[in-house]
Amino acid sequence: MDSLTLFCTASLLAAGLYWFVCVLGSAEQKGKHAVQLSGGSIAKEKVQDKYEQYWSFFRRPKEIETADKVPAFVDTFYNLVTDIYEWGWGQSFHFSPSIPGKSHRDATRIHEEMAVDLLNVKPGARILDAGCGVGGPMRAIAAHSGANVVGITINEYQVNRARMHNKKAGLDKLCEVVCGNFLQMPFKDNTFDGAYSIEATCHAPKLEDVYSEIYRVLKPGSLYVSYEWVTTELYRGDDPEHVEVIQGIERGDALPGLRSYKDIAEVAEKVGFEVIKEKDLAKPPANPWWTRLKMGRIAYWRNHILVTVLAWLGIAPKGVVDVHEMLFVTADYLTRGGETGIFTPMHMILCRKPESKVASSSA
Ligand SMILES: C=C(CC[C@@H](C)[C@H]1CC[C@H]2C3=CC[C@H]4[C@H](C)[C@@H](O)CC[C@]4(C)[C@H]3CC[C@]12C)C(C)C
Ligand SMILES: C[S@@+](CC[C@H](N)C(=O)[O-])C[C@H]1O[C@@H](n2cnc3c(N)ncnc32)[C@H](O)[C@@H]1O
């Protein structure tokens, strides 16, 4: 081979590699590139062990049922998946109904804005995002409503990512991020003008514990909206296929046990909320939320090759390959959950904390 041919071949290979890794492998909102994949706050050499530890929770299901172990288990999960989510999905870690003619990004934003529109808050209001991830929804909501959003997440790596994104978006004056447990929040009673949670409270071992905390920090008369992950009225506990799909979703998404749609309003009322509205936003005429997952299949294969090569080269931590594989399988269970209609990630509930009762003079 003469030197010109060698030069051209090498240039083509380099351009091809650049395209495969940096263009195809970039995050939807350019938050993360494949070469930057990490295990969150976990040291590179410990990622594989932590992944094994994550799975051990499911080998000993009683452990997950022990409520006090759940936040640590969820924290480990988000160390493992946060970079992959940002890289392969974007900065909003949730689903939304697809909207014909609109991009995933627009459909996501519309779903987020709907939450704050339901809260009916004014610019300058202080609202809570319970389980804020890296803050995709928080930024969309702050920009749309002019409200000050305080987000809380159990995962410190997400706190740092969210703060960095807030600053980059010029929204750090409106958006604040706190590292903490939404089952015991570091906020004073009656201090928020509204609250929302998007696909986050499903991680709570007892819904009552997170709803009562949100109730405590809300000012009387203010509203709370949540998009909940639940099994629907079509789910049958005696159908082995249904059970397999739901268990697959629980294992791949760090869930201590999916709840039935019936439990949501019951718990909200139990902690003191008035339920104003409840609706499965996935029901027709909404278009399927799972088409985005299904359409991504070719990209997942490409991602898997990319992650395997990067781990082999020592650029990505070894355990990332297993985590990616787990997500690959989970995507399939989620799709089956959506297609069969036995599962929804967007059972919406809107509630109000009642106005304080005026003490009667005879009391
Ligand atoms: C609300 C939660 C998370 C919901 C979704 C944001 C994530 C659920 C499954 C995730 C993914 C599955 C497949 C991945 C794919 C194999 C990879 O190449 C790129 C990232 C995925 C698409 C990833 C992205 C995020 C999800 C869709 C839960 C945890 C309560
Ligand atoms: C699927 S993500 C959704 C994030 C965000 N709502 C979004 O839509 O982008 C779930 C979030 O809930 C948070 N979370 C789960 N359990 C928590 C807990 N006990 N305390 C605080 N945050 C928690 C996770 O850390 C993560 O940020």
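Since this is a predicted model, take the numbers as computed values, not measurements. (Residues numbered from 1 in each chain as written. Chains lettered and ligands numbered in written order. Predicted model: local features only at pLDDT ≥ 70, side-chain atom pairs only at ≥ 80, totals over all residues. Heavy atoms only, no water.)

A. Fine view of the overall build of the protein. The number of helices and strands found in the protein is 13 helices and eight strands. In the protein, which comprises 363 residues, the proportion classed as buried is 52%. The long-range fraction of contacts in the protein, counting pairs at least 24 apart against all pairs at least 6 apart in sequence, stands at 78%. Summed over all atoms, the accessible surface of the protein reaches about 17000 Å², with 57% contributed by carbon and sulfur. (Helix = DSSP H or I, 4+ residues; strand = E, 2+ residues; numbered from the N terminus. Buried < 20%, exposed > 50% of the residue type's maximum accessible area, 1.4 Å probe, protein only. Contact = heavy atoms within 4.5 Å. Areas by Shrake-Rupley, 256 points an atom, 1.4 Å probe, with all protein chains shown as cover.)

B. How the structure looks around the site of ligand 1. Taken together, 22 residues are adjacent to ligand 1, and Tyr-78, Tyr-85, Trp-229, Asn-303 and His-324 come closest. With respect to ligand 1, the side chain of Asn-303 contributes an N or O atom lying 2.8 Å from an oxygen atom. Here an oxygen atom of ligand 1 and a side-chain polar atom of His-324 are 2.6 Å apart. If ligand 1 stood free it would expose 630 Å²; the protein chains cover 100% of that surface. Within the residue set of the shell around ligand 1, elements represented by two or more residues are helix H4 (70–88), helix H12 (297–312) and helix H13 (320–340). Here the residues of the shell around ligand 1 sort into 15 nonpolar, five polar and two charged. (Near = heavy atom within 4 Å. Polar contact = N/O pair within 3.5 Å; in protein donor to acceptor, adjacent residues only side chain to side chain. Nonpolar A, V, L, I, M, F, W, Y, C, P; charged D, E, K, R; others polar.)

C. Here's a closer look at the side chain of Thr-232. Looking at the element boundaries, Thr-232 is found in the loop between strand S5 (218–231) and helix H9 (240–252). Residues contacting Thr-232, with those up to four places away along its chain left out, are Tyr-261, Asp-280, Gly-341, Ile-342, Phe-343 and Thr-344.

D. Fine view of the packing of helix H2 (residues 47–59) against H13. It is at 8 Å that the axes of H2 and H13 come closest, and there the two elements cross at 35°. Across from Val-47, Gln-48, Tyr-51, Tyr-54 and Trp-55 in H2, the residues of H13 making contact are Val-320, Asp-322, Val-323 and Met-326. The class makeup of the residues in the contact of H2 with H13 is seven nonpolar, one polar and one charged. (Axes fitted to C-alpha atoms, helices over the stretch in contact; angles between N-to-C directions.)

E. Seen up close, unusual backbone geometry. In this chain, Pro-284 is followed by Pro-285 through a cis amide linkage whose omega measures 10°. Summarising the element assignment, Pro-285 is placed in the loop between strand S7 (274–280) and helix H11 (291–295). Unusually for a residue other than glycine, Glu-199 sits at a positive phi of about 50°. Here Glu-199 shows up in the loop between strand S4 (192–198) and helix H8 (207–217).

F. Up close: the environment of Ala-254. As for its placement among the helices and strands, Ala-254 is situated in the loop between H9 and strand S6 (259–260). Separated by 178 residues in the primary sequence, Ala-254 and Thr-76 have C-alpha atoms spaced 9.2 Å apart.

G. Summary view of the pairing of strand S3 (residues 175–179). With five bridges connecting them, strand S2 (residues 148–153) and S3 associate as parallel partners. Bridge pairing links Val-150 to Glu-176 in S3. (Pairing = 2+ DSSP bridges.)

H. Up close: the nonpolar core. In this structure, Tyr-196, Val-225, Trp-229, Ile-249, Trp-289 and Phe-343 are the most contacted members of the largest nonpolar core, which totals 47 residues. Grouped together as the second largest cluster of nonpolar side chains are 31 residues, Val-70, Tyr-78, Ala-311 and Val-323 included. (Core = buried A, V, L, I, M, F, W, Y, C linked by side-chain atoms within 4.5 Å.)

I. Molecular detail of the site of ligand 2. In the region of ligand 2, 19 residues are neighbours, and Phe-93, Gly-131, Thr-153, Gln-158 and Phe-182 sit closest. Within the backbone of Gly-131, one N or O atom sits 2.8 Å away from a nitrogen atom of ligand 2. In isolation ligand 2 offers 590 Å² of accessible surface; the protein chains occlude 97% of this area.

J. Structural view of the confidence of the model for the protein. Per-residue pLDDT for the protein has a mean of 91; in total, 88% of the residues score no lower than 70. Reported for the predicted complex are a pTM of 0.92 and an ipTM of 0.99. (pLDDT = per-residue confidence, 0-100.)

K. Fine view of the pattern of salt bridges. The tally for this structure, following the rule as stated, stands at 14 salt bridges. The closest approach of N and O atoms between Lys-32 and Asp-83, which form a salt bridge, is 3.5 Å. One end of the pair, Lys-32, is in the loop between helix H1 (3–23) and H2; the other, Asp-83, is in helix H4, and 51 residues separate them in sequence. With a relative accessible area of 7%, Lys-32 lands in the buried category. Between Glu-86 and Arg-161 there is a salt bridge whose closest N-O contact spans 2.8 Å. In this pair, Glu-86 is assigned in helix H4 and Arg-161 in helix H7 (residues 156–168), connecting sequence segments 75 residues apart. Like Arg-161, Glu-86 is buried. Among the charged side chains, a salt-bridge network with shared partners connects Asp-106, Arg-109 and Glu-113. (Salt bridge = Lys/Arg side-chain N within 4 Å of Asp/Glu carboxyl O.)

L. Structural detail: the packing of aromatic side chains. The full count for this structure, using the stated rule, is 22 aromatic pairs. Note on Trp-55 and Phe-58: the rings are 5.6 Å apart at their centroids and 55° apart in plane angle, and the pair reads as tilted. On the criterion of helical spacing, the pair formed by Trp-55 and Phe-58 is a turn pair, its members being three residues apart in helix H2. On the basis of relative accessible area, Trp-55 is assigned to the partly exposed category, the value being 24%. Among the aromatic residues, those joined into a ring-pair cluster are Tyr-54, Trp-55, Phe-57, Phe-58, Phe-73, Phe-77, Tyr-78, Tyr-85 and Phe-93. Geometry around Phe-192 places Arg-126 over its ring, the cationic atom sitting 4.1 Å from the centre. (Phe/Tyr/Trp six-rings, centres within 6.5 Å; stacked < 30°, edge-to-face > 60°. Lys NZ or Arg CZ within 6 Å of the ring centre and 35° of its normal.)

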